[in-house]
Amino acid sequence: MSDTPAWLRWTVRCVCWALSAALVAWAAEVALVALFVQFHTYDDEGYVLLSLINYLKHGALYDVVYTQYGPFFYQLYGGLSSIFHFEFTNTVARYLTAINWLLTCILCASIAQRLTRRWLWWPVCFIASFIHLRISTDEPMHPGSLTCLLWVFAVWLVVPGERETRPVPRAIALGVVAAALLFIKINVGAFLVAVVALWIVVRVKHDASRPTFSRVFRVLRALALPVAIVFPFALMRPLLGEEGFLMFASMTALNLAVLFLLVRKQGIGAAGPSEPVAIVVAAVITSLAIIATAFAHGTSFGGLLEGVVIDPLHHPTVIFLALEWIPWAVALTVVAAIAAALKWWRPGLLDDRWFVPSHAILAAALAAGFLSLGFQTSFRVFHSFVMPFAWVGTAWLLRTRTQPADRDAIAFLGFAYLIGYLQSFPIAGSQYFWGSVLAMPLACAVLEEVVRAAAIRVKQRFGGWRPSLQRMTQFAAAAVVPLPFVLSLATFSGTRADDRELMLPFGLKGAEQVEQDETETTALQVLSENA
């Protein structure tokens, strides 16, 4: 690339970003059509909108206004409503959800592009993430679309771009995001705290000049592994006897343990005391600001404690829905556990001769699950194939990267992907999709490394390619790889457009553009007139 003229590099970059902008614009149109032809009569959308409206009128969350969610969700959207002067209606809910949906996909695509250093994976990851998050159409205004955006944003902060990110500002941003998530959905915030804690603990090195600091983190590192193993089982303890939950906890614990050991053994960038201190201070200050704002709007201490901490602890015993696993998932987990043991105790067995074949199997598993989303097949195929081998992909990426910033980002992404799956507990509905979206950039990065490894083997075996053949191959890959995802998006768009032709607009205040079939539209219009 160094021999390429600057004007040509600039032109290529402009074309790539123009295509990206066109893709985002197309996805925005598809998202809005899909959101406005979808309306469910169950309580999520209406309940969240009513709680937002009542919060603006009365304040006093939990004491006067009932909600299951944290105060920051209401403070953020209430503040935006005051600044931009909009009311909370079904129409506004869909626009806000579309914004969260698209921003999340853009961040995922940016993560993939940063990890691979190839623009090719930007459109692939964007479309795959967009299709994966199509569940957003079922629950407009649900806090899950916002928590998903913040979750992915936390990972994006760590993945290095063209300009190097300084550790302390990044740490402050991570602390702010963690606090925001804690006060939207406390479980998601706690999961991000766990990700950051594992990532910091595994990066801290012994520092003779700070013996107390080193001693504390040596103890924390010793505790991190047993805590990581026990954590999924402790979380799911009330439901371990129910079908699917023991499998879920076991698979998560296995992956977390192996990934932690491999990251610690292979080593990543070092973290000094400034990073954990900055994260904690930023999180505490942000939390205090959120709590003070809640008190200023009439919420009592007892109400805040009950609504944010105590009530969510009872949620698993009220309603639950387990992840579904394909029959082969247990066998895949056993194979992954054996490979993990070999990798740890006899690393040479999975290196060199066995390295490429073992990861070719991984690539096949990832590709099967990854492409299944592109063609909108059952999502249980995806997590059953991908999750058992998640640690392998992260370990391989760590092996192929030498820059500390890249290794830091890969370790953080691996931890965030695995722990993010826990958002599917206790209800593996929309939460599953929001929690597992990081599989997209992770899979893109792994598949890129598979292609690179194959190219190296071909070069070693056949003496390399002629430059013209290599350029033709790269052009063909750039044209072919995104094709199934573009077709999938086109199919999704066409399906929603066909649905729209059979529907009628509500024509009701705040929901003028929402459309449903004639029967439901008429029923809701009559109900509204007689309310």
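Look up a bit, the structure's there.
A. Fine view of the overall build of the protein chain. Looking only at helices and strands, the protein chain features 22 helices and two strands. Taken across its 531 residues, the protein chain has 52% of its residues classed as buried. For the protein chain, the proportion of contacts with a sequence separation of at least 24, taken over those separated by at least 6, is 77%. Accessible surface, the protein chain: about 24500 Å² in total, of which carbon and sulfur atoms supply 67%.

B. Region of interest: the packing of aromatic side chains. One pass over the full model with this rule turns up 20 aromatic pairs. Seen from their ring centres, tyrosine 47 and tyrosine 66 are 6.1 Å apart, and the 35 degrees between their planes marks the pair as tilted. Here tyrosine 47, found in helix H2 (residues 43-58), pairs with tyrosine 66, found in the loop between H2 and helix H3 (71-84); they are 19 residues apart in sequence, far enough to count as distant. Using a relative accessible area of 15% as the deciding quantity, one classes tyrosine 47 as buried. Between the aromatic rings of tyrosine 432 and phenylalanine 433, the centroid separation amounts to 5.1 Å while the plane-to-plane angle is 80 degrees, which identifies the pairing as edge-to-face. One exposure class covers both tyrosine 432 and phenylalanine 433, and it is buried.

C. Spotlight on the environment of valine 152. With respect to the helices and strands, the residue valine 152 is situated in helix H6 (residues 143-158). With a relative accessible area of 0%, valine 152 lands in the buried category. C-alpha of valine 152 to C-alpha of leucine 438: the two residues are 286 residues apart in sequence and 7.1 Å apart in space. When near neighbours in sequence (up to four residues on either side) are disregarded, valine 152 contacts Thr104, Leu107, Cys108, Ile111, Val437 and Leu438.

D. Main features of a nonpolar patch on the surface. Together, Val216, Val219, Leu220, Leu223 and Val227 give the surface a local cluster of nonpolar side chains, amounting to about 410 Å² of exposed area. Counting through the fold element by element, leucine 220 comes out in helix H9 (residues 211-235). Using a relative accessible area of 37% as the deciding quantity, one classes leucine 220 as partly exposed.

E. Local environment of the pattern of salt bridges. Applying the stated criterion across every chain, the model contains six salt bridges. For arginine 118, the salt bridge is made with glutamate 448, and the minimal N-O distance between the two is 2.6 Å. Residue arginine 118 is found in the loop between helix H4 (90-116) and helix H5 (121-132), and its partner glutamate 448 is found in helix H19 (residues 439-462); the two are separated by 330 residues along the sequence. Overall, arginine 118 belongs to the partly exposed group, its relative accessible area being 34%. Here glutamate 448 falls in the buried class, since its relative accessible area comes to 2%. Of the charged contacts in the structure, one is a salt bridge between glutamate 275 and arginine 170, with a shortest N-O distance of 3.3 Å. Note that glutamate 275 is positioned in helix H11 (residues 274-296) and arginine 170 in helix H7 (residues 167-182), a separation of 105 residues in sequence. The same class applies to glutamate 275 and to arginine 170, which are both buried. The network of salt bridges with common partners includes Arg170, Arg203, Glu275 and Asp408.

F. How the structure looks around the side chain of threonine 286. Mapped onto the fold, threonine 286 is located in helix H11. Residue classification places threonine 286 among the buried residues on the basis of a relative accessible area of 17%. Other than its neighbours up to four places away in sequence, threonine 286 contacts Val176 and Ala179.

G. Quick look at the environment of valine 204. Topologically, valine 204 is positioned in the loop between helix H8 (186-203) and H9. Residues valine 204 and phenylalanine 217 lie 13 residues apart in sequence; the distance between their C-alpha atoms is 7.0 Å. In this structure, valine 204 is in contact with Phe213, Phe217, Arg221 and Ala271, ignoring residues within four places of it in sequence.

H. Structural context of empty space enclosed by the protein. Following the criterion strictly, the structure yields one cavity of 30 Å³ or more and no others. Of the voids in this model, the largest cavity is the one considered here, and its volume is about 30 Å³. Around the largest cavity, the lining residues are Gly144, Thr147, Lys185, Val188, Gln423, Gln431 and Trp434. Counting only elements with at least two residues in the lining of the largest cavity, the list comes to H6 and helix H18 (430-435). Partitioning the lining of the largest cavity into residue classes produces two nonpolar, four polar and one charged.

I. Representation of the nonpolar core within the structure. With 150 residues, the main nonpolar core has Phe126, Phe130, Met141, Trp151, Leu192 and Phe415 as its most contacted residues. With near-sequence residues (within four places) excluded, methionine 141 lies in contact with Val48, Leu49, Leu52, Phe73, Tyr77, Phe88, Ala93, Leu96 and Thr97. Grouped together as the second largest cluster of nonpolar side chains are six residues, Phe36, Phe506, Val514 and Leu524 included.

J. Quick look at the packing of H8 against H9. It is the contact of H8 with H9, at a shortest axis distance of 9 Å, that shows an interaxial angle of 150 degrees. The chirality of how H8 crosses H9 is left-handed. Of the residues in H9, those in contact with Phe191, Leu198, Ile200, Val201, Val202 and Arg203 of H8 are Phe217, Leu220, Arg221, Ala224, Phe231 and Leu235.

K. The arrangement of H5 in detail. Helix length check: H5 (12 residues) gives 16 Å between terminal C-alpha atoms against 16 Å at 1.5 Å per residue, within 8%. Among all positions of H5, only Trp121, Trp122, Pro123, Val124, Cys125, Phe126, Ile127, Ala128, Ser129, Phe130, Ile131 and His132 are buried.

L. The arrangement of unusual backbone geometry in detail. In this model, phenylalanine 425 is joined to proline 426 through a cis peptide bond whose omega is 5 degrees. Relative to the assigned elements, proline 426 resides in the loop between helix H17 (404-420) and H18. Here alanine 60, not a glycine, exhibits a phi torsion of approximately 50 degrees, which is positive. Examined against the element boundaries, alanine 60 turns out to sit in the loop between H2 and H3. Even without a glycine there, the phi angle at histidine 85 is positive, about 55 degrees. Within the secondary structure, histidine 85 sits in the loop between H3 and H4. When its relative accessible area of 70% is taken as the criterion, histidine 85 is described as exposed.

Rules used in this analysis
- The written sequence of each chain sets the order in which its residues are numbered from 1.
- Only residues with pLDDT of 70 or above have their local features reported here, since the model is predicted, and side-chain atom pairs are shown and tallied only from 80 upward, although totals for entire chains, interfaces and linings are computed over all residues.
- Excluding hydrogens and water, the side-chain values take into account all heavy atoms of the structure.
- Numbering of helices and strands runs from the N terminus; a helix is a DSSP stretch of H or I covering at least four residues, while a strand is a stretch of E covering at least two.
- Partly exposed residues are those whose accessible area sits between 20% and 50% of the maximum for their type, while under 20% is buried and over 50% is exposed, using a 1.4 Å probe and protein chains only.
- The contact criterion used is simple: two residues touch if any of their non-hydrogen atoms lie within 4.5 Å.
- Accessible surface area values rest on a Shrake-Rupley calculation with a 1.4 Å probe, where residue burial reflects the displayed protein chains alone.
- Any two rings among Phe, Tyr and Trp, with Trp reduced to its six-membered ring, count as a pair given centres within 6.5 Å; such a pair is stacked if its planes are under 30 degrees apart, edge-to-face if over 60, and tilted if neither.
- Nonpolar side chains (Val, Leu, Ile, Met, Phe, Trp, Tyr) are joined into patches within 5 Å and like charges within 9 Å, using only residues with over 30% relative accessible area and no salt bridge.
- Every case where a carboxyl oxygen of Asp or Glu lies within 4 Å of a side-chain nitrogen of Lys or Arg is listed as a salt bridge.
- Lining residues are those with an atom within 4 Å of a point, where the points come from a 1 Å grid over the protein atoms alone and group into cavities, where a 1.4 Å probe fits but cannot get out, or pockets, open sets with protein on both sides within 12 Å along at least five of seven lines.
- Grid points are joined across faces, edges and corners, and a volume is the space filled by probe spheres set on the points.
- Ten residue types, Ala, Val, Leu, Ile, Met, Phe, Trp, Tyr, Cys and Pro, are classed as nonpolar, four, Asp, Glu, Lys and Arg, as charged, and the remainder, Gly among them, as polar.
- Among buried residues, the Ala, Val, Leu, Ile, Met, Phe, Trp, Tyr and Cys ones that are joined through side-chain atoms within 4.5 Å form a nonpolar core.
- Where helices are involved, their axes are fitted lines through C-alpha atoms of the stretch in contact, as for all axes, and angles between N-to-C directions lie from 0 to 180°.
- Crossings are sorted by hand: turned counterclockwise from the far helix by less than a right angle, the near helix makes the crossing left-handed, and turned clockwise it makes it right-handed.
- For a helix, the expected span equals 1.5 Å multiplied by the residue count minus one.

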